[in-house]
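Commentary on secondary and tertiary structure
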Amino acid sequence: HDTDERIAAIVIDEEAAKRYWPDQNAVGQFGRFSGLQGTRFQVLGVVGTVRNEGLGETPMPEVYLLKNLLPPNPMHFAVRSSLPAATLAPAIRRAVAQVDPSQPIYAIRSLREILSNSLFFQRIESVVVTVFALAALLLAALGIYGLTSYSVRQRTTELGTRMALGATGGDVLRLIVGNGLRLSVYGLVVGALTVAGATALVMRYLNVRQFDAAPYLFSTAAIVFLAALASFVPGWRASLLSPMVAIRNETDSIWTVARQTLERVREHVAAEKPRASLDSTLLTGFIEASRRAGSFGEALAASLAHLRTKLSAESALLLEKVSADEYRCVAAIPARKEPEVFTIPEAGFLLNRLRFYGAPLPIAADDLETALRWAREQKPQLVPELELLQTVGLRLAAPLRTQHELIGLLLFGAPVGRPNYLAAEKMLLAACAEQFALTLENARLNERVLEQENVRRDLALATEVQKRLLPESPPQLRGSSIGAFTLAARSVGGDYYDFLQVGEHRLGIALADIAGKGIAAALIMAVVQASLRIFAAEDNISLPELAAKMNRFLYGSTGSASYATFFYAQFDQCTRRFHYVNAGHNPPYLVRRLNSDENPSAAARFEELATGGTVIGMFPSAGYEEAVVDLHPGDILMAFTDGVTEALNPAEEEFGEQRLKELLRRVAHLPIRDITATISKQLRAWIADAPQHDDITFIVLKVDEDQPA
């Protein structure tokens, strides 16, 4: 009834009421919009505050208008349902499509997702703060432990003297732990003063109103506990010292140790001073060398030669992982003249050292000689590898890593004119190792893409060949009609059906379901098709004998690991007599029409054709039985694979035998073409967008109702 166009009726939330009418009742108040041509409005009600910007944001004032004042674009609908989101989303799309098929639908999200996204950055901040807090606690513990341990080491003689004069291990432990806790208390006092000042500044200038002492108390307790634990370990170790051993353990002072450390660092830096003018265009050189190469192997060799020149190495080798336990040389500079293949085992000496060592590893000649003497005495299986490394003069090794594995190695001989490689050269090699690893990984990916493309072409060819093995169309019968349908779960399937002309008036009907799916099942399906056509062409062969021969042939061709369910029948078009043998297949349904004019769809009786024996191909020999049924006008026979009754809908519910029988009752009066189309349509609708797990195949035979007796 809001028909007065001069004054707009609006509803506001509590946040808007607090901002615009803070000290009075907002209901009944008037105002004007700054937009909407200054439209005058009156507040008719106040609703609760809605956090449209997210749970982590300050709520904004909200105003609710009639849609004729400001039509919404886009529209947002909230749907409440007990159904899961995966099922609800397709239902919403179908409902909207029934009203307006051209209406786009997007951004379907559950309320749980919206709430989770609104707190995403707060969660990230919480995780970051937690990580820094744990790091701070770890550093505090390590600092206390290191300082206490160093102090105990410096006071070894003092502690030994105390124990020699009568102090017990417990006295030493309490002394050391007490010193550690005393240092922690000093730090806590300084930290508490700093935290108090920082908290006051934050509450004053950042408008923080809430304060909780629990985090501060928890942090204090955690630091005290870590300090006690970090002091306990060196204290316990010192309490186990023998007094005389401790007294004789004279150590240098802290200043002497620091001076000696600085002297060693200065000498190391002076010895490892990098050469001037290391070429910064090394990567460009790799690219140019690769362009001049005629193959991938030549490109690797050219890049390796360029790197060897930059490092001034006597030799260089590139090894690639070719199997789970072996690395093989794919490029060598200079080219190796030995006929044998250079390989390194996965579990050998070099790989064990490089597996957990990320930087280039220098190896001295004396190291290899020592390792070789040790291997001859303790690990003879490592001797061939060490002798090979000694032969090539290995002095520097760099691992080539991807995200998940070590895919190769770079091995270099001794540097020309120098005893060792410089630190800058090792850094350069580490950077180049990443480029070589990326090159090898890209080559692997290219090979996989080519393999997948070949598989795709082979699969397409297999699909075409399998289609030709199946009948193009059902045969035309006298006084009866027959139809068939098949739908593979993959490009190629393991279901097989066929129609064979046996004699002048008999039609052979075959249906088989191969165990398994995909290409393997399709190959066995071809074996079944070929053997059936060969054995069915023999004169006067009975159905049990045919099934037994096919069983032996399939067992001899594939072994007991592969088998198939098989149904074969011969239908005499003149006498309407149906001979069949069922080798472990789902029993086909024979729908008998009864005389009932009131409800024709309910006038049906089902028989199952189960006589026969076990599956074919599993056992070397098996016996089978034959059965005969007479068909009458209006009768329907449906043979099917288990993919029909076990078809799953999006809710993972099976189509089932009962549902199939009800469907047959409803369509029994239709022509054979309509029966086949209706059943296949119902199965497709049942599956909808759910994944298809098994092949679907069925054959329907109907005896015409006007067939003469």
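Residues numbered from 1 in each chain as written. Predicted model: local features only at pLDDT ≥ 70, side-chain atom pairs only at ≥ 80, totals over all residues. Heavy atoms only, no water.

**Some details on the overall build of the chain**
Condition: Labels follow the DSSP assignment, with helices taken as runs of H or I lasting at least four residues and strands as runs of E lasting at least two, numbered in each case from the N terminus. Only protein chains enter the accessibility calculation, which uses a 1.4 Å probe. A residue is then buried if its area is under 20% of the maximum for its type, exposed if over 50%, and partly exposed in between. Should any heavy atoms of two residues lie within 4.5 Å, those residues are considered in contact.
In terms of regular secondary structure, the chain is built from 20 helices and 21 strands. Taking all 709 residues of the chain together, 35% fall into the buried category. Of the contacts formed within the chain by residues at least 6 apart in sequence, a portion of 67% connects residues at least 24 apart.

**Regarding the nonpolar core**
To keep it simple, the criterion reads: For our purposes a nonpolar core is just a set of buried Ala, Val, Leu, Ile, Met, Phe, Trp, Tyr and Cys residues, chained together by side-chain atoms within 4.5 Å.
By size, the foremost hydrophobic cluster in this structure holds 51 residues, and its most contacted members are Leu532, Leu546, Phe566, Tyr568, Phe578 and Leu701. If you tally residues by element for this core, the top one is helix 16 (residues 518–536), at 7 residues. When neighbours within four sequence positions are excluded, Phe566 is seen to be in contact with Ala510, Leu511, Ala512, Leu532, Leu546, Met550, Val581, Asn582, Ala583, His585 and Ile616.

**Notes on the packing of aromatic side chains**
For any pair of aromatic rings, the description rests on two quantities: the centre-to-centre distance and the angle between the ring planes. What counts here: Side-chain rings of Phe, Tyr and Trp (the six-membered ring for Trp) are treated as a pair once their centres are within 6.5 Å; stacked means planes under 30 degrees apart, edge-to-face means over 60, and tilted covers the remaining angles. Charges are assigned to positions over rings by a cutoff of 6 Å between ring centre and Lys NZ or Arg CZ, combined with an angular limit of 35 degrees from the ring normal.
In the structure shown here, the tally under the stated rule is 13 aromatic pairs. Ring geometry for Phe33 versus Phe41: centroids 4.7 Å apart, planes at 40 degrees, classification tilted. Since its relative accessible area comes to 8%, Phe41 is described here as buried. For the ring pair Phe655 and Trp686, a centre distance of 5.6 Å and an interplane angle of 80 degrees mean the geometry is edge-to-face. On the criterion of sequence distance, the pair formed by Phe655 in the loop between helix 18 (642–645) and helix 19 (657–667) and Trp686 in helix 20 (residues 672–687) is long-range, its members being 31 residues apart. Here Phe655 and Trp686 have matching classes, each one buried. Members of the aromatic cluster, connected to one another through ring pairs, are Phe567, Phe571, Phe578 and Tyr580. For Arg659, the ring lying beneath its charged end belongs to Phe655, and the centroid distance is 5.9 Å. Lying over the aromatic face of Phe606, Lys661 brings its terminal NZ or CZ to 5.7 Å of the ring centre.

**Concerning the sheet that holds strand 6 (residues 326–333)**
The strands making up a sheet associate through backbone hydrogen bonding, with each pair oriented either parallel or antiparallel. Our working definition: Two strands pair if DSSP finds at least two bridges between them.
Strand order in the open sheet formed by 6 strands is 7-6-5-10-9-8, and the pairing between neighbours is antiparallel. Two strands lie at the open edges of the sheet, namely strand 7 (343–345) and strand 8 (361–362), each paired on one side alone. Strand direction decides the pairing type here: strand 8 and strand 9 (residues 396–401), joined by 2 bridges, are antiparallel. Within strand 9, the position partnered with Leu361 by the bridge is Ala397.

**Here we look at the environment of Leu660**
Residue placement: Leu660 occurs in helix 19. Residue classification places Leu660 among the buried positions, given a relative accessible area of 0%. Each C-alpha atom of the pair Leu660 and Gln682 lies 9.7 Å from the other, and the pair is 22 residues apart in sequence. In this structure, Leu660 is in contact with Tyr589, Met638, Phe640, Val644, Thr645 and Phe655, ignoring residues within four places of it in sequence.

**Some words on the packing of helix 4 (residues 120–154) against helix 7 (residues 214–239)**
Applied cut-off: Angles run from 0 to 180 degrees between N-to-C directions of axes, and those axes are lines fitted to C-alpha atoms, restricted for helices to the stretch in contact. Should an angle fall under 35 degrees it is taken as roughly parallel, and over 145 as roughly antiparallel, whereas 65 to 115 is taken as roughly perpendicular and any remaining angle as oblique. In this scheme, a crossing is called left-handed if the near helix is turned counterclockwise away from the far one by less than a right angle; it is called right-handed if the turn is clockwise. Lys, Arg, Asp and Glu make up the charged group, whereas Ala, Val, Leu, Ile, Met, Phe, Trp, Tyr, Cys and Pro make up the nonpolar group; the residues left over, Gly among them, are polar.
Direction vectors running N to C along helix 4 and helix 7 enclose 30 degrees, while the axes themselves pass 9 Å from each other. Relative to helix 7, the element helix 4 lies roughly parallel. Considering the relative orientation of helix 4 and helix 7, their crossing is right-handed. Across the interface between the two elements, Leu137, Ala141, Ile144, Tyr145, Thr148, Ser149 and Val152 of helix 4 pack against Ala222, Ile223, Leu226, Ala227, Ala230, Ser231, Val233, Pro234, Arg237 and Ala238 of helix 7. A breakdown of the residues in the contact of helix 4 with helix 7 according to their chemical character gives 13 nonpolar, 3 polar and 1 charged.

**A short note on the packing of helix 3 (residues 111–118) against helix 4**
Between helix 3 and helix 4, the shortest axis-to-axis distance is 4 Å and the interhelical angle comes to 50 degrees. By the angle class used here, helix 3 and helix 4 are oblique. For the pair helix 3 and helix 4, contact is made by Ser116, Asn117 and Ser118 and by Phe120, Gln122 and Arg123, respectively.

**Comments concerning the pattern of salt bridges**
For clarity, the threshold we go by: Salt bridge, as used here: a side-chain nitrogen of Lys or Arg that lies within 4 Å of a carboxyl oxygen of Asp or Glu.
A full pass over the atoms with the stated rule returns 14 salt bridges. We note a salt bridge from Arg592 to Glu607, for which the minimum N-O separation is 3.4 Å. Of this pair, Arg592 sits in strand 16 (residues 589–593) while Glu607 is found in strand 17 (residues 604–608), placing the two residues 15 residues apart along the sequence. A relative accessible area of 22% means that Glu607 is categorised as partly exposed.

**Concerning empty space enclosed by the protein**
In this approach a probe as big as a water molecule rolls over the atoms, and the regions it shows empty are the leftover space. The condition that has to hold: Here a cavity denotes a set of grid points, spaced 1 Å apart and computed over the protein atoms alone, in which a 1.4 Å probe fits but from which it cannot get out, and a pocket denotes an open set meeting protein on both sides within 12 Å along at least five of seven lines; residues with an atom within 4 Å of a point are reported as lining. Grid points are joined across faces, edges and corners, and a volume is the space filled by probe spheres set on the points.
This structure, assessed with the given rule, holds 1 cavity of 30 Å³ or more. Lining the largest cavity are Ile482, Ile509, Phe578, Leu637, Ala639, Ile699 and Leu701. Elements with a contribution of two residues or more to the lining of the largest cavity: strand 20 (636–640) and strand 21 (696–703). Per-class residue counts for the lining of the largest cavity are 7 nonpolar, no polar and no charged.

**Regarding the layout of surface pockets**
The computed volume of the largest pocket comes to approximately 1,300 Å³. Around the largest pocket, the lining is made up of 28 residues, and of these His76, Phe77, Ala78, Ala107 and Ile108 lie nearest the centre. Mapped by element, the contributors of at least two residues to the lining of the largest pocket are helix 2 (85–99) and helix 3. Take the lining of the largest pocket: its biggest share by element is 6 residues, from helix 2.

**With respect to unusual backbone geometry**
Going from Ile333 to Pro334, the amide bond is cis rather than trans, its omega being -10 degrees. Relative to the elements of secondary structure, Pro334 occurs in the loop between strand 6 and strand 7. A positive phi angle is found at Asn540, which is not glycine, with a value near 55 degrees. Along the chain, the position of Asn540 falls in the loop between helix 16 and helix 17 (543–558). Overall, Asn540 belongs to the exposed group, its relative accessible area being 79%. One non-glycine residue, Ala688, lies in positive phi territory at about 55 degrees. In this fold, Ala688 is placed in the loop between helix 20 and strand 21.

**Structural notes on the sheet that holds strand 17**
Reading across the sheet, the 5 strands line up as 11-21-20-16-17 and stay open at both edges, with antiparallel pairing between neighbours. Each having just a single partner strand, strand 11 (480–487) and strand 17 make up the two edges of the open sheet. Averaged over all pairs of adjacent strands, the angle between their axes in this sheet comes to 15 degrees, without regard to strand direction. The sheet contact formed by strand 20 and strand 21 spans 5 bridges and is antiparallel. What sits directly across from Phe640, in strand 21, is Phe698. Strand contacts of helix 20: strand 11, strand 20 and strand 21, with the helix running at about 155 degrees to strand 21, the strand carrying the most contacts.

**Considering a nonpolar patch on the surface**
The criterion, for reference: Excluding any residue in a salt bridge, patches collect residues exceeding 30% relative accessible area, merging like charges within 9 Å and nonpolar Val, Leu, Ile, Met, Phe, Trp and Tyr side chains within 5 Å. Here the accessible surface of atoms and residues is derived via Shrake-Rupley with a 1.4 Å probe, and residues count as covered only by protein chains that are part of the display.
On the surface, Val195, Leu201, Val202, Met203, Tyr205, Leu206, Val208, Phe211 and Tyr216 cluster together into a nonpolar patch covering about 830 Å² of accessible area. Considering every element that reaches the nonpolar patch, the biggest residue donor is helix 6 (residues 169–205), with 5 residues. The residue Leu201 is located in helix 6 in this model.

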